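Read off the chains here:
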Amino acid sequence: MGANTDTKRLLHFHEGNAEMKMLLGGKGANLAEMTNAGLPVPPGFTVTTDACREFYASGRVVPPDLNQEIRTALKRVELSKNQKFGGLQDPLLVSVRSGSVTSMPGMMDTILNLGLNDETVEALARNTGNPRFAFDCYRRLIQMFGNVVFDIEGVYFERQLHRKKEELSIQFDKDLPVEALQQLIDQFKSIIELRTKREFPQDVFEQLELAVEAVFRSWNNQRAIVYRKVFDIPEQQGTAINIQAMVFGNQGDDCGTGVLFTRNPSTGEKMLYGEYLTNAQGEDVVAGVRTPLPIAQLEQEMPLVFNKLAQTAARLEAHYKDMQDIEFTVEKGELFILQTRNGKRTAQAAVKLAVHLAKENILSREEALQRIEVEHLNQLLHRAIDESVKLDVLATGLPASPGAATGQAVFDADTAEEWGRAGKRVVLVSSETSPEDIHGVIAAEGVLTSRGGMTSHAAVVARGMGKPCVCGCDEVRIDAEEKLFLAGDITVREGDWITLDGSTGRVISGVVELKEPEVSEELRELLQWADGVRKLKVLTNADTPEDAVKAREFGAEGIGLCRTEHMFMSAERLPVVQAMILADTLEERKAALEQLLPMQQGDFEGLFTAMNGLPVTIRLLDPPLHEFLPKLEDLLVRQEQLKHRKTDLQEQSKLDSLIRKVRGLQEMNPMLGQRGCRLGIVFPEIYEMQAIAIFRAVQACKKRGITVLPEIMIPLVGHANELKLMRELVDRAANEVLGVEIDQPAYKVGTMIEVPRAALTAAQIVKYADFFSFGTNDLTQMTLGYSRDDAEGKFLTHYVDQGILPKNPFQVIDTDGVGVLIDWAVKQGRAHNPQLKTSICGEHGGDKESIFFCHQTGLDCVSCSPFRVPLARIAAAQAQILLGSHVHPHVELERSVSSL
Ligand code: PEP
Ligand code: MG
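Reading the values: rules and limits
Per chain, residues are indexed from 1 in the order of the written sequence. Each chain takes a letter, starting from A, and each ligand takes a number, starting from 1, following the order in which they are written. Local features in this predicted model are restricted to residues whose pLDDT is 70 or higher, and side-chain atom pairs enter the listing and the counts only when it is 80 or higher, whereas totals over whole chains, interfaces and linings include all residues. To obtain the side-chain values, all non-hydrogen atoms of the structure were included, while hydrogens and water were left out. In this description a helix means any DSSP run of H or I spanning at least four residues, a strand means any run of E spanning at least two, and both kinds are numbered starting from the N terminus. Accessibility here uses a 1.4 Å probe with only protein chains present; expressed as a share of the type maximum, an area under 20% marks a residue as buried, one over 50% as exposed, and anything in between as partly exposed. Any pair of N or O atoms that falls within 3.5 Å is considered a polar contact. Within protein, one atom must be able to donate a hydrogen and the other to accept it, and sequence-neighbouring residues count only if both atoms are side-chain atoms. Here, two residues are considered to be in contact whenever any of their heavy atoms come within 4.5 Å of each other. Ring pairs shown here join Phe, Tyr and Trp side chains whose ring centres sit within 6.5 Å, with only the six-membered ring taken for Trp; geometry is labelled stacked below 30 degrees between planes, edge-to-face above 60, and tilted in between. Consider the ring centre and the ring normal. A charge sits over the ring if Lys NZ or Arg CZ is within 6 Å of that centre and within 35 degrees of that normal. For every residue, the predictor assigns a confidence score, pLDDT, that lies between 0 and 100. In this scheme, patches are assembled from residues that exceed 30% relative accessible area and form no salt bridge. Like charges are connected within 9 Å, while nonpolar side chains (Val, Leu, Ile, Met, Phe, Trp, Tyr) are connected within 5 Å. Working definition of accessibility: Shrake-Rupley area with a 1.4 Å probe, residue cover restricted to the visible protein chains. Any carboxyl oxygen of Asp or Glu within 4 Å of a side-chain nitrogen of Lys or Arg constitutes a salt bridge here. Two strands pair under a simple rule: DSSP has to find at least two bridges between them. With the strands pointing away from the viewer, any crossover whose connection runs clockwise from the first strand over the helix to the second is right-handed. The source of the domain bounds is an automatic or database domain assignment. Sites may look incomplete, because water is not among the atoms used; the donor set itself consists of N, O and S atoms within 2.8 Å of the metal (3.2 Å for Na, K and Ca). We call a set of buried Ala, Val, Leu, Ile, Met, Phe, Trp, Tyr and Cys residues a nonpolar core when their side-chain atoms join them within 4.5 Å. Note on terminology: near, applied to a residue and a molecule or strand, indicates that one of the residue's heavy atoms is within 4 Å of it. Any residue outside Ala, Val, Leu, Ile, Met, Phe, Trp, Tyr, Cys, Pro, Asp, Glu, Lys and Arg is labelled polar, Gly included; the first ten of those are nonpolar and the last four are charged. Think of each axis as a best-fit line through the C-alpha atoms, taken over the contacting stretch in the case of a helix, with angles from 0 to 180 degrees between the N-to-C directions. Just so you know how the angles are binned, under 35 degrees is roughly parallel, over 145 roughly antiparallel, 65 to 115 roughly perpendicular, and the rest oblique. Helix crossings get a hand from a simple test, with the near helix turned counterclockwise from the far one by less than a right angle marking a left-handed crossing and a clockwise turn marking a right-handed one. To obtain the arc, one takes the directions from the helix axis to the C-beta atoms.

**Notes on the side chain of Asp322**
Thought 1: Mapped onto the secondary structure, Asp322 falls in the loop between α12 (303–320) and β11 (324–331).
Thought 2: What makes Asp322 buried here is its relative accessible area of 5%.
Thought 3: A distance of 2.9 Å separates a polar atom in the side chain of Asp322 from a polar atom in the side chain of Arg345.
Thought 4: When neighbours within four sequence positions are excluded, Asp322 is seen to be in contact with Glu317, Asn342, Arg345, Leu353, Leu357 and Arg371.

**Let's talk about the packing of aromatic side chains**
Thought 1: As enumerated under the stated definition, the model contains 17 aromatic pairs in all.
Thought 2: Ring centres of Phe55 and Phe216 lie 5.2 Å apart, and the angle between their planes is 35 degrees; on these two criteria the pair is classed as tilted. Of this pair, Phe55 sits in helix α2 (residues 49–57) while Phe216 sits in helix α8 (residues 204–218), placing them 161 residues apart in sequence.
Thought 3: Since its relative accessible area comes to 0%, Phe216 is described here as buried.
Thought 4: When the ring of Phe695 is compared with that of Tyr747, the centres are 5.0 Å apart and the planes differ by 70 degrees; the resulting orientation is edge-to-face. Within this pair, whereas Phe695 is found in helix α26 (residues 684–703), its partner Tyr747 is found in the loop between α27 (720–738) and β30 (748–753), the two being separated by 52 residues in sequence.
Thought 5: Residue classification places Phe695 among the buried positions, given a relative accessible area of 0%.
Thought 6: Site record: aromatic cluster; members linked through ring pairs are Tyr138, Phe145, Phe150 and Phe200.
Thought 7: When the ring centre of Tyr156 is taken as reference, the NZ or CZ atom of Arg195 above it lies at 3.8 Å.
Thought 8: Its guanidinium or amino end placed over the ring of Trp219, Arg228 lies 3.9 Å from that ring's centre, counting from NZ or CZ.

**Regarding the confidence of the model for the protein chain**
Caution is warranted with low-pLDDT regions, since their predicted coordinates should not be read in detail.
Thought 1: Across the protein chain, the average pLDDT comes to 91, with 96% of residues at 70 or higher.
Thought 2: When the criterion is pLDDT under 50, residues 888–900 qualifies, and its contacts beyond four places in sequence or with other chains add up to 16 contacts.

**Re a nonpolar patch on the surface**
Thought 1: Side chains of Val226, Val230 and Phe231 sit close together on the surface and give an oily, nonpolar patch of about 300 Å² of accessible area.
Thought 2: Positionally, Phe231 belongs in helix α9 (residues 222–231).

**A short note on the pairing of strand β16 (residues 404–410)**
Put simply, side chains in a regular strand alternate between the two faces of the sheet.
Thought 1: By the criterion of burial, β16 is predominantly enclosed, with seven of the seven residues buried.
Thought 2: For β16 and strand β17 (residues 426–430), the ladder comprises three bridges, and the chain directions are parallel. In the strand pairing of β17, Val410 is matched with Leu428.
Thought 3: In this fold, the crossover linking β16 to β17 by way of helix α16 (residues 413–421) has right-handed handedness.

**Overview of the domain arrangement of the protein chain**
Thought 1: The domains assigned to the protein chain are domain 1 (256–342), domain 2 (383–515), domain 3 (522–624 + 667–898) and domain 4 (630–666).
Thought 2: Taking only C-alpha atoms into account, the centre of domain 2 sits 31 Å from that of domain 4.

**A look at the coordination of the magnesium ion (ligand 2)**
Thought 1: On the protein side, the magnesium ion (ligand 2) has Glu754 (OE) and Asp778 (OD) as donor atoms, found 2.0 to 2.1 Å from it. Taken as a pair, Glu754 in the loop between β30 and α28 (756–760) and Asp778 in helix α30 (residues 776–784) lie far apart in primary sequence, 24 residues in all. With respect to class, Glu754 is no different from Asp778; both count as buried.

**Some details on the pattern of salt bridges**
Thought 1: Per the counting criterion, the structure on display carries 50 salt bridges.
Thought 2: The residue Glu557 makes a salt bridge to Arg534 at a minimum N-O spacing of 2.9 Å. Of this pair, Glu557 sits in the loop between α20 (545–553) and β27 (559–563) while Arg534 sits in the loop between α19 (521–533) and β26 (537–541); the two residues are 23 residues apart in sequence, bridging distant segments of the chain.
Thought 3: For Glu557, a relative accessible area of 23% gives the class partly exposed.
Thought 4: Across the pair Glu651 and Arg638 runs a salt bridge whose closest N-O atoms are separated by 2.9 Å. Placement of Glu651 in helix α24 (residues 649–665) and of Arg638 in helix α23 (residues 632–643) is noted, with a sequence separation of 13 residues between them.
Thought 5: Residues participating in the shared-partner salt-bridge network are Glu565, Arg619, Asp622, Arg675, Asp778 and Arg788.

**Concerning the nonpolar core**
Thought 1: Grouped together as the largest cluster of nonpolar side chains are 149 residues, with contacts concentrated most on Phe608, Phe695 and Phe774.
Thought 2: Considering each element in turn, this core owes the most residues, 11 residues, to α26.
Thought 3: Other than its neighbours up to four places away in sequence, Phe774 contacts Ile753, Leu779, Ile822, Ala825, Val826, Ser839, Ile840, Cys841, Gly842 and Leu859.
Thought 4: One finds Leu10, Phe150, Ile192 and Ala214 within the second-largest nonpolar core, a separate group that totals 61 residues.

**Some remarks on the site of ligand 1**
Thought 1: Inspection of the region around ligand 1 gives 14 residues, with Arg563, Gly775, Asn777, Asp778 and Arg788 positioned closest.
Thought 2: Within the side chain of Arg788, a nitrogen or oxygen atom sits 2.9 Å from an oxygen atom of ligand 1.
Thought 3: Relative to its unbound accessible area of 290 Å², ligand 1 is 95% covered by the protein chains.
Thought 4: For the shell around ligand 1, the elements supplying multiple residues, two or more each, are β27 and α30.
Thought 5: Residue contributions to the shell around ligand 1 peak at three residues, all from α30.
Thought 6: Class assignment for the residues of the shell around ligand 1 results in three nonpolar, four polar and seven charged.

**Quick notes on the packing of helix α6 (residues 154–167) against helix α7 (residues 178–196)**
Thought 1: Contact geometry for α6 and α7: axes closest at 10 Å, N-to-C directions at 150 degrees. Considering their axes alone, α6 and α7 lie roughly antiparallel with respect to each other. Crossing geometry of α6 relative to α7 is assigned as right-handed. For the pair α6 and α7, contact is made by Tyr156, Phe157, Gln160, Leu161 and Lys164 and by Ala180, Gln183, Leu184, Gln187, Phe188, Ile191, Ile192 and Arg195, respectively.
Thought 2: Classifying every residue of the contact of α6 with α7 gives eight nonpolar, three polar and two charged.

**Remarks on α9**
Thought 1: Regarding α9, the residues found buried are Ala224, Tyr227 and Arg228. Projected down its long axis, α9 carries its buried residues within an arc of 100 degrees, all on one side. Of the residues in α9, the exposed ones pointing more than 90 degrees away from the buried face are Gln222, Lys229 and Val230.
Thought 2: At its buried positions, α9 is contacted by α8.
Thought 3: A side-chain oxygen of the first residue of α9 lies 3.2 Å from the backbone nitrogen of Arg223; this N-cap is Asn221.
Thought 4: Backbone geometry just after α9 places Asp232 at a positive phi near 60 degrees.

In structure tokens, the structure reads:
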């Protein structure tokens, strides 16, 4: 005996179960589980991973008694099928399939139809009444055998097959006549003889032994080794081998084959869904040779089989606690289940299923919540392409903001606005967008850019507005001057209709029918369950009352970030903002600010009203001022044009002074330049105007009976003194406007933590802050030293592809770097102010993995764009279910120290 006493080399399916994956491999354990559940699985057994390890330990030698054990085991299969392996009456055929512990799809080898030889093939032809089928099985066996056992490249066989088809002017394999198949069988045998000096074995046991050895060997083929390396699968695991009786659904009218879902995979409705064909083989169902029949018809054709199938479907679903996708075959009136797996589904079906399975007590509510793939929800909350329609895809870019949009192409923001006003639907196409183009983005149905990544301006703004956006699509070459773009050899001009699919990044020619989003009853219910579980609050990033209302509908518990600069961008506001920036004296600037003040007050009243009773965090102006001014290149072109016109002297001098100003505001690194609180410190009158507008809005809303919870946020603080100054400024404004009412309602002043130094010195900064909101867009940019507008289009994709970075850190929080800063800042902040409110408002606030991190770090809230609020609610619940209320131990410690 070569084996240890506790080594198990072979187990019949009925001897195993789902827990025995390490020994039986995933497939073997699943077959065992189904067999033991009493399901009609074709009989068979599994040669274990122990045997595989033995094979390698002894220098690639099949353990001597294994073949004997296999022969004995095969006897049971023969008995249960009433067939004989190698028999001349009713030959048993088997499949030999690899099946590792961790799924390694397609990496190792499988051989089907073992047991066929020159004699048994005749018996199979006779019994099935289908010689074509029998000889086709045989030719496939020789081909697979030659390839897997004798290592002959598939191309040698394929070449012969191809020649034969050409010779007979046949397009499909299935049309080869019996005689041609018989000739191919002879040719295939000759290939084996020629290349290996061995014959294709007629002894069926020899076939089986060689096949087992070959499948063991395939554990160490090149592609399996590479796959294991990539997915970190231990070499020691080895593969199991499943040897199972083949069943055929094409032996007459009491036979058939089909595919069945236990529920409708596109709607989630509870019904048997699928199709079948009588007297057919598995691949006929998918090959489209004959039109399969709906499964309901099986009830009429084979009522007994149908009933058994329905019962089996229900059992499998209850057993695996999920919708199953089942492959079945009926062989001479007997039902066999060949495979079951969790079925792929649409987002709509996923939600319905999770809720229904919970209501049917198959799943707990927590399990149902865990089932939701949150990114899937994007499909439900945005318009989508009707995939049943044939699409003319012009190019593919980054899927920057989900949803689909159809409109006429326009190449600048002004045209977008103008056409939009005229009631046209437009798609804004631009090499990239800047804050100056915001009116065009607002007017457009969707945005297409050829440059910029997932966190470029266009992407961030479009996501915030819930508009579809395809970014960084360098396959389209835009000529803004000519108002056209080229995609391959197709030219799309201004006014041509295009469709964007922001969920996949596709740019499609023409108008495409879109499907409207739905928030179904089930989704509402699921979200309520999530709310009952989660610890993290979910806020929204919103700059307009419309966004705020939408976010509230989606369940936002307040505004976590209002970027006030977006309020400065409308056609009506921009000239005033520009006048404010271009002012030569303080008086001039104040005059412009006076004009802006009532507009801002109106903006804030709108937000407070929409968020009645919920907190609203307003961030004072953040971007560098040049972003509000025309581009220098455009001005220089204009200057050039005016030079030749003597009549426009006054305009020329105005333009010259504008150019001087724009030049003066130009910076080498604007993202690290005069922006954020640096603006508020150098031009305090800007922040004063905003603070006064906020408090006036508070007062006005209060008079209307609205409950306002204002929170004023200072951007880009890096030193405690910056926040100290800005807090004093806000407090002064509050005093001035609210006077004695100052505490009713109380307001909060806090800071973004988006400069690494702010995180490091949180203990000093917290003295002036009621809250910290982590601006992880900038914090990532500055911690990694990657310009977010440039990195994605350049090296970042390369970094992620090469595995230098595990993920794009602008999408998924870099826990080892940025995460440590956040953790540290929370710890320091809470130690000095246990009441400190902490949240995150960068793009990461709507990303599942990052939400998990926020939960673990013990943040109070996440804030994300309105359309991601439902997704964040579910992800926050999943984090709680999966991780519990675990908070980093040091955070707990600091809390208890500070409360002493
Ligand atoms: C951030 O930096 O994460 C943030 C929210 O601010 P913005 O993206 O507006 O710079
Ligand atoms: Mg920022």
